[in-house]
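The chain contents come next:
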Amino acid sequence: MKTAQQNTLADHAAREEAIANHGRSFLVEAGAGSGKTAIIAGRIAMMLADGIEPKSIAAVTFTEFAASELLIRVREFASELAAGRIPLELRIAAPDGLSEDQRRHLDAAIERIDELTCSTIHGFCQRLIKPYPVEARIDPGATVMDSDQADLAFSEIVDSWLREELVGEAGGLLAELALQNAGETLRLMDMILGHLRSHRVIVGDTPRDLGPLVTAFRKASDDFKAFVQDANVDEEETTAIADLFAELT
C-alpha cells in the first residue's frame, strides 16, 4: 500500500514512471538531496527485475564517488527486492511487491552484478577502447588516473623538465631568470604551466623573427653609447645606462 507521504509528493507520477517505465528515455532534473540517485538506482534495480541483463546496462557518472555510490544503492535495492522487501523509495513503483519471475530474475542478476557498467565518463570510454589498443593507439596497460594521481604525475613531469633545463650548461632564458630570483621564477613557471594544463587547446601567435629586432637594438645601443661619449658631458648616470644597454647586446 502506498504511504500518505508518497501520495503527497508533487512529482509522484514522474518518479513512478522514471523507475518503472523502461521503454523510453528520461531527463531526471532536480535539486541536491531530492532523491535523484535513488531514482536512477531504483530504475536499474527494476530493469534487472524485468530480466534485463546486467551487462546490457550502463550507468555513467561524472565522478568516481557518484559511480561508487550509485552501484552501492543498486546492490542494496536488488538485494532487498530479491529478499521480498520493497525499499521505501521503490514502493512508489512496486506497491504490491514483485512477482516470482521478477524475484527469480533478480536472484540471477545479483550473481552477475559485477557485469553492470557503473563508472565515470572516462572509465566508460576506457572500457570501450581497452580491447582495441592497437586501433585506439593507446598503451595496452593504460588506466584512467583519478585527479590526485593526475596532479602527482603532472608535478613529477614538470620537476623533471625543470631539472633538465636548469642543470644543463646550455643556459637560456629560464636559467637566467632562475639565477636572478629562483623562487619567483619557479612560481611563475608553475602558474604558466598550470594555465596551459587547464587550457590545452590554447594556441599562441606565430613566433616573430627576433633577428632583425636584435640587430636594430644592438645598433641603437651602439649609437647611444657613441653619442654619450662624443657629447663631452659629465653624466655618470647616463653613461651607466649606456653601458648597461651595451651589456644586453
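Residues numbered from 1 in each chain as written. Predicted model: local features only at pLDDT ≥ 70, side-chain atom pairs only at ≥ 80, totals over all residues. Heavy atoms only, no water.

Details of the nonpolar core
Membership of the largest hydrophobic core comes to 30 residues, with the highest contact counts inside it found for Ile-19, Leu-48, Val-74, Leu-81, Leu-98 and Leu-106. At the level of elements, α2 (12–20), α3 (36–49), α4 (64–82) and α5 (100–111) are the ones that each hand at least two residues to this core. Ranked by residues supplied to this core, first place goes to α3 with 9 residues. If we skip the residues at most four places from it in the chain, Ile-19 touches Ile-39, Gly-42, Arg-43, Met-46, Glu-89, Leu-90, Ile-92 and Ala-93. Counting 5 residues, the second-largest nonpolar core is a separate cluster that includes Val-158, Leu-162, Leu-174 and Leu-193. (Core = buried A, V, L, I, M, F, W, Y, C linked by side-chain atoms within 4.5 Å. Buried < 20%, exposed > 50% of the residue type's maximum accessible area, 1.4 Å probe, protein only. Helix = DSSP H or I, 4+ residues; strand = E, 2+ residues; numbered from the N terminus. Contact = heavy atoms within 4.5 Å.)

Some words on the environment of Gly-84
Mapped onto the fold, Gly-84 is located in the loop between α4 and α5. The spatial distance from the C-alpha of Gly-84 to the C-alpha of Glu-100 is 9.7 Å, given a sequence separation of 16 residues.

Remarks on the layout of surface pockets
Estimates place the volume of the largest pocket at around 540 Å³. Together, 22 residues line the largest pocket, and Lys-36, Ile-40, Ala-59, Val-60 and Leu-70 are the ones closest to its centre. Examining the composition of the lining of the largest pocket, we find that 6 residues originate from one element, α3, more than from any other. Residue classes in the lining of the largest pocket are distributed as 14 nonpolar, 4 polar and 4 charged. (1 Å grid on protein atoms, 1.4 Å probe; cavity = no way out; pocket = protein on both sides within 12 Å on 5 of 7 lines; lining within 4 Å. Points joined across faces, edges and corners; volume = space filled by probe spheres on them. Nonpolar A, V, L, I, M, F, W, Y, C, P; charged D, E, K, R; others polar.)

Regarding the side chain of Thr-117
In this fold, Thr-117 is placed in strand β2 (residues 117–120). Beyond its immediate chain neighbours, meaning those up to four positions away, Thr-117 contacts Pro-54, Ile-57, Ala-58, Ala-59, Phe-124 and Arg-127.

Some points on the packing of aromatic side chains
Enumeration according to the criterion identifies 2 aromatic pairs in this entry. With centroids separated by 6.2 Å and ring planes inclined at 80 degrees, the aromatic side chains of Phe-224 and Phe-245 adopt a geometry described as edge-to-face. Of the two residues, Phe-224 is situated in helix α11 (residues 211–230) and Phe-245 in helix α12 (residues 236–248); the sequence distance between them amounts to 21 residues. By relative accessible area, Phe-245 is classed as partly exposed at 34%. Here the aromatic residues Phe-217, Phe-224 and Phe-245 are joined through ring pairs into a cluster of three or more. One Lys or Arg, Arg-197, reaches over the ring of Phe-154 and ends 4.6 Å from the middle of that ring. (Phe/Tyr/Trp six-rings, centres within 6.5 Å; stacked < 30°, edge-to-face > 60°. Lys NZ or Arg CZ within 6 Å of the ring centre and 35° of its normal.)

As for α3
The end-to-end C-alpha distance of α3 is 20 Å, a good match for the 20 Å that 14 residues give at a rise of 1.5 Å each. Among the 14 residues that make up α3, 11 are buried, leaving the element largely enclosed by the rest of the structure. Buried within α3 are the following residues: Ala-38, Ile-39, Ala-41, Gly-42, Arg-43, Ile-44, Ala-45, Met-46, Met-47, Leu-48 and Ala-49. The secondary structure elements touched by the buried residues of α3 are α2, β1 (58–61), α4 and α5. Positioned one or two residues after α3, Gly-51 has a phi angle of 95 degrees, which is positive. (Expected span 1.5 Å × (residues − 1).)

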